[in-house]
Amino acid sequence: STYRNGTYMDLSGTSMAAPHVAAACALVKTKWPTALAEQVRERVRVTCDNIDALNPGYGGLLGYGRINAAQALTKVTPALRILEVAVDTPDGDAIIEPGETVAVHVTVINWLDPATNLQFALGENSSYATVPVNSDALASLGTLEEAVLDFSVRFTAAAPVDHLATCTLNITSGSPAYTDPDRCD
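Attention here is on the structure that accompanies the text.

Quick notes on the rules
- Residues numbered from 1 in each chain as written.
- Predicted model: local features only at pLDDT ≥ 70, side-chain atom pairs only at ≥ 80, totals over all residues.
- Heavy atoms only, no water.
- Helix = DSSP H or I, 4+ residues; strand = E, 2+ residues; numbered from the N terminus.
- Buried < 20%, exposed > 50% of the residue type's maximum accessible area, 1.4 Å probe, protein only.
- Lys, Arg positive; Asp, Glu negative; His and termini not counted.
- Salt bridge = Lys/Arg side-chain N within 4 Å of Asp/Glu carboxyl O.
- Phe/Tyr/Trp six-rings, centres within 6.5 Å; stacked < 30°, edge-to-face > 60°.
- Lys NZ or Arg CZ within 6 Å of the ring centre and 35° of its normal.
- Pairing = 2+ DSSP bridges.
- Axes fitted to C-alpha atoms, helices over the stretch in contact; angles between N-to-C directions.
- Contact = heavy atoms within 4.5 Å.
- Patch = residues over 30% accessible without salt bridge, like charges linked within 9 Å, V, L, I, M, F, W, Y side chains within 5 Å.
- Areas by Shrake-Rupley, 256 points an atom, 1.4 Å probe, with all protein chains shown as cover.
- Parallel < 35°, antiparallel > 145°, perpendicular 65-115°, else oblique.
- Left-handed = near helix turned anticlockwise from the far one by under 90°.
- Nonpolar A, V, L, I, M, F, W, Y, C, P; charged D, E, K, R; others polar.

Right, let's get into the side chain of glutamate 100. In this structure, glutamate 100 sits in the loop between β1 (80-88) and β2 (101-110). Here glutamate 100 occupies a buried position and makes no salt bridge, while the nearest side chain of opposite charge, arginine 154, is found at 11 Å.

We now examine the packing of aromatic side chains. Taken as a whole and assessed by the stated rule, the structure comprises zero aromatic pairs. Here the guanidinium or amino end of arginine 43 rests over the ring plane of tryptophan 32, the centre of that ring lying 4.2 Å away. Above the plane of the ring of tyrosine 64 lies arginine 45, whose end atom (NZ or CZ) is 5.0 Å from the centre.

This paragraph deals with the sheet that holds strand β4 (residues 129-133). The four strands lie next to each other as β1-β2-β6-β4, forming an open sheet whose pairing is antiparallel. The two strands at the open ends of the sheet, each matched to only one other strand, are β1 and β4. Strand-to-strand twist of the sheet, defined as the mean angle between neighbouring strand axes without regard to direction, takes the value 35°. Strand direction decides the pairing type here: β2 and strand β6 (residues 146-155), joined by nine bridges, are antiparallel. Its bridge partner lying in β6, valine 102 is registered against valine 153.

All right, on to the sheet that holds strand β7 (residues 167-175) then. Strand order in the open sheet formed by four strands is β5-β3-β7-β8, with antiparallel pairing between adjacent strands. Edge strands, defined here as strands with exactly one partner in the open sheet, are β5 (135-141) and β8 (178-184). Neighbour-to-neighbour, the strand axes of this sheet turn through a mean angle of 20°, independent of strand direction.

Of the consecutive residues serine 175 and proline 176, the connecting peptide bond is found in the cis state with omega at -10°. Within the secondary structure, proline 176 sits in the loop between β7 and β8. One non-glycine residue, asparagine 5, adopts positive backbone phi at about 60°. Inspection of the secondary structure assignment puts asparagine 5 in the segment before α1 (14-31). A relative accessible area of 77% means that asparagine 5 is categorised as exposed. The backbone of leucine 144 shows a phi angle near 65°, a positive value even though the residue is not glycine. Tracing the backbone shows leucine 144 in the loop between β5 and β6. Judged by its relative accessible area of 38%, leucine 144 is partly exposed.

Further remarks concern helix α2 (residues 37-46). Within α2, seven of the 10 residues are buried, which leaves it mostly tucked inside the rest of the structure. Along its buried surface, α2 packs onto α1, α3 (69-74), β1 and β8.

With that out of the way, let us pick up a nonpolar patch on the surface. Among the surface-exposed residues, Tyr3, Met9 and Leu11 lie close enough to one another that they form a single nonpolar patch of about 240 Å² accessible area. The residue tyrosine 3 is located in the segment before α1 in this model.

For the rest of this paragraph, the subject is the pairing of strand β3 (residues 115-124). Two elements, β3 and β5, share six bridges in a ladder whose sense is antiparallel. Paired with leucine 118 across the bridge in β5 is leucine 138. Where β3 lies against β7, eight bridges are found, and the strand directions are antiparallel. The partner of glutamate 124 across the bridge, within β7, is cysteine 167.

Let us now look at the packing of α1 against α2. Close contact between α1 and α2 brings their axes to 9 Å; oriented N to C, the two are set at 120°. Between α1 and α2, the angle is such that the two are oblique. Here the hand of the crossing between α1 and α2 comes out right-handed. The residues of α2 that touch α1, namely those facing Ala24, Cys25, Val28 and Lys29, are Val40, Arg43 and Val44. Here the contact of α1 with α2 is built from residues that sort into five nonpolar, no polar and two charged.

The values reported here are purely geometric and, on their own, carry no functional implication.
Following this line, the structure appears as structure tokens:
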């Protein structure tokens with residue numbers, strides 16, 4: 001990159017990546033001028049090249065990967081993301097207590113291209129929780145369509161107060177082929 005006093009320097013990090021991402025977003029917006037900001041963002045995100053294997057020890061820690069402008073402009077892909085997570089407790093007090101099994105309602109949206117044969121699997125990272133109802137499916141979800149998915153999470157009687165259970169919603173589509181995780185805390 002350019003540097004002080006008319007020199008150049010080999011730099012890295014988000015300051016060097018941001019101009020490339022902005023350029024990819026501009027290309028996407030030029031091709032789809034009516035696209036919402038979320039659609040532009042998602043098109044760039046889901047068409048990135050995964051670089052986890054190139055960075056041992058940093059898997060899943062370096063964002064979504066390396067932008068791929070050609071794919072962003074040509075690939076047909078859905079982009080499903082969580083919009084909202086709502087929890088119903090058995091006693092109706094909206095407080096998740098040790099020993100309870102709660103209903104979890106996850107609202108998802110498809111920002112991009114229509115998808116069919118969608119599968120959703122909810123996983124969790126807590127030794128104090130299990131997911132007895134951990135999957136849901138949809139026949140299809142069109143562009144900008146939303147759907148509510150229903151799961152349940154059981155907390156053990158030994159779960160500490162204020163324990164944070166992080167869940168991951170793994171999303172796959174049969175057509176076009178698509179996989180994508182999203183977190184719901």
